[in-house]
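Inside the fold
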Amino acid sequence: MTLEVDLVPFAGTPSRADFDCGNASLNDWLRSHASQHEKSGMSRTTLAVPKKGTLATWHAAGFEDVDDTTILGFFSLSAAQIPLDQLPQGKHPKSVPAIRMGRLAVHRLAQGRGFGELLLMEAIARAAETSAAIGVGGLFVDAKDEKAAAFYAKYGFQPSLDDPLKLWLSLKNLLQYSSG
Ligand SMILES: CC(C)(COP(=O)(O)OP(=O)(O)OC[C@H]1O[C@@H](n2cnc3c(N)ncnc32)[C@H](O)[C@@H]1OP(=O)(O)O)[C@@H](O)C(=O)NCCC(=O)NCCS
């Protein structure tokens, strides 16, 4: 049974209270800070919600509590300037303009079904689109722990020199993803 999602901009209305990805700081950010960041333009958050018209499929798959407002996952992007010591080995100037993916998470109940990859590919596509209009050197991510870092490493993100939880996907590599 294929479970499908729509990716929608953060609108402030879906029910954020019951989002649980297993990481308290990510849950708390979505519940308490995403709205303020959206209003001030500090970051843009994209939500995964059940695809319109597919609730019956979600219910049949055992997700009885899922409704139109359930958030199944999210990511947030913002502009950033990344200092040299947070980048992987390579030829970089002192700092590099970048897109920062501050957060990406999937609801515990929906993990392991490909939604993390779907969200990551959408974030990569957005970064590639942005790079056509504004110079960026790559996509930077702050992983919350080693497990999350392993997820990003699977997609070619490289750890920084000083901190294995700060990972980088160069523009060249992200453009390769977005061109298929
Ligand atoms: C990490 C997370 C986003 C992965 O999302 P997910 O929906 O469970 O992952 P997917 O089902 O899309 O997995 C896609 C691929 O990544 C792999 N993968 C998933 N989690 C992984 C991990 N921690 N380490 C290595 N690989 C991982 C899967 O095996 C799958 O590979 P395959 O297709 O070769 O089998 C999710 O588990 C999560 O939200 N965790 C808690 C919050 C968090 O740590 N967020 C990231 C920090 S910002």
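Residue indices follow the written sequence of each chain, beginning from 1 at its first position. Two thresholds apply to this predicted model, a pLDDT of at least 70 for residue-level local features and 80 or more for giving and counting side-chain atom pairs, whereas whole-chain, interface and lining totals are computed over all residues. Side-chain metrics in this entry use all non-hydrogen atoms of the structure; hydrogen atoms and water are not considered.

- In the annotation of an unreviewed UniProt entry, the chain is listed under the name GNAT family N-acetyltransferase and assigned to Agrilutibacter solisilvae.
- UniProt positions are given in the numbering used here, feature names are shortened, and annotations may be inferred rather than shown by experiment. Here is the UniProt Sequence similarities (unreviewed entry) comment for the chain, exactly as written: "Belongs to the acetyltransferase family. GNAT subfamily."
- The annotation that UniProt attaches to the chain under Catalytic activity (unreviewed entry) is "glycyl-tRNA(Gly) + acetyl-CoA = N-acetylglycyl-tRNA(Gly) + CoA + H(+)".

**Digging into a negative patch on the surface**
- Exposure above 30% relative accessible area and the lack of any salt bridge qualify a residue for a patch; like charges then connect within 9 Å, and the nonpolar side chains Val, Leu, Ile, Met, Phe, Trp and Tyr within 5 Å. We get accessible surface area from the Shrake-Rupley algorithm with a probe of 1.4 Å; when it comes to residues, only the shown protein chains can shield them. Counted as salt bridges are all cases of a side-chain nitrogen of Lys or Arg within 4 Å of a carboxyl oxygen of Asp or Glu. Positive charges come from Lys and Arg alone, negative charges from Asp and Glu alone, with His and the N- and C-terminal ends not counted. For the purpose of locating charges, the reference atoms are NZ of Lys, CZ of Arg, CG of Asp and CD of Glu. Negative charge collects at one region of the surface, where D18, E64, D65, D67 and D68 lie side by side.
- Each helix is a run of H or I in the DSSP string that is no shorter than four residues. Each strand is a run of E no shorter than two, and both are numbered from the N terminus. For D18, the location among the structural elements is in the loop between β1 (5-9) and α1 (24-32).
- Exposure classes here rest on a 1.4 Å probe applied to the protein chains alone. A residue is buried below 20% of its type maximum, exposed above 50%, and partly exposed in between. Classification of D18 by relative accessible area gives partly exposed; the value is 46%.

**Quick look at the layout of surface pockets**
- Roughly 640 Å³ of volume is contained in the largest pocket.
- Buried and open spaces are told apart on a 1 Å grid over the protein atoms alone, a cavity being a set of points where a 1.4 Å probe fits but cannot get out and a pocket being an open set with protein on both sides within 12 Å along at least five of seven lines. Residues with an atom within 4 Å of a point are the lining residues. Lining of the largest pocket is provided by 28 residues; of these, C21, L104, V106, Q111 and A148 occupy positions nearest its centre.
- Contributing elements (two or more residues each) for the lining of the largest pocket: β4 (95-106), α4 (115-133), β5 (138-142) and α5 (146-154).
- Broken down by element, the residue count for the lining of the largest pocket peaks at six residues, all from β4.
- Looking at side-chain class alone, the lining of the largest pocket contains 13 nonpolar, seven polar and eight charged residues. Grid points are joined across faces, edges and corners, and a volume is the space filled by probe spheres set on the points. Only Asp, Glu, Lys and Arg are considered charged, only Ala, Val, Leu, Ile, Met, Phe, Trp, Tyr, Cys and Pro nonpolar, and every remaining residue, Gly among them, polar.

**A word on the sheet that holds strand β6 (residues 158-159)**
- The pairing criterion is simple: DSSP has to find at least two bridges between the two strands. Read from one edge to the other, the open sheet built from seven strands follows the order β1-β2-β3-β4-β5-β7-β6, with strand pairing classed as mixed. Edge positions in the open sheet fall to β1 and β6, since each of these has one partner strand only.
- Two strands pair when backbone bridges link them, and β5 and strand β7 (residues 166-170) are joined in this way by five bridges, in the antiparallel orientation. Of the residues in β7, the one forming a bridge with D142 is K166.
- Any two residues having at least one pair of non-hydrogen atoms within 4.5 Å are treated as being in contact. In this analysis an axis means a line fitted to C-alpha atoms, helices contributing only their contacting stretch, and an angle means the value between N-to-C directions, from 0 to 180 degrees. Across the sheet, α4 is in contact with β1, β2 (44-50), β3 (73-83), β4, β5 and β7; its angle to β4 comes to roughly 155°.
- Relative to β7, helix α6 (residues 171-178) is tilted by about 65°, and along the sheet it contacts β5 and β7.

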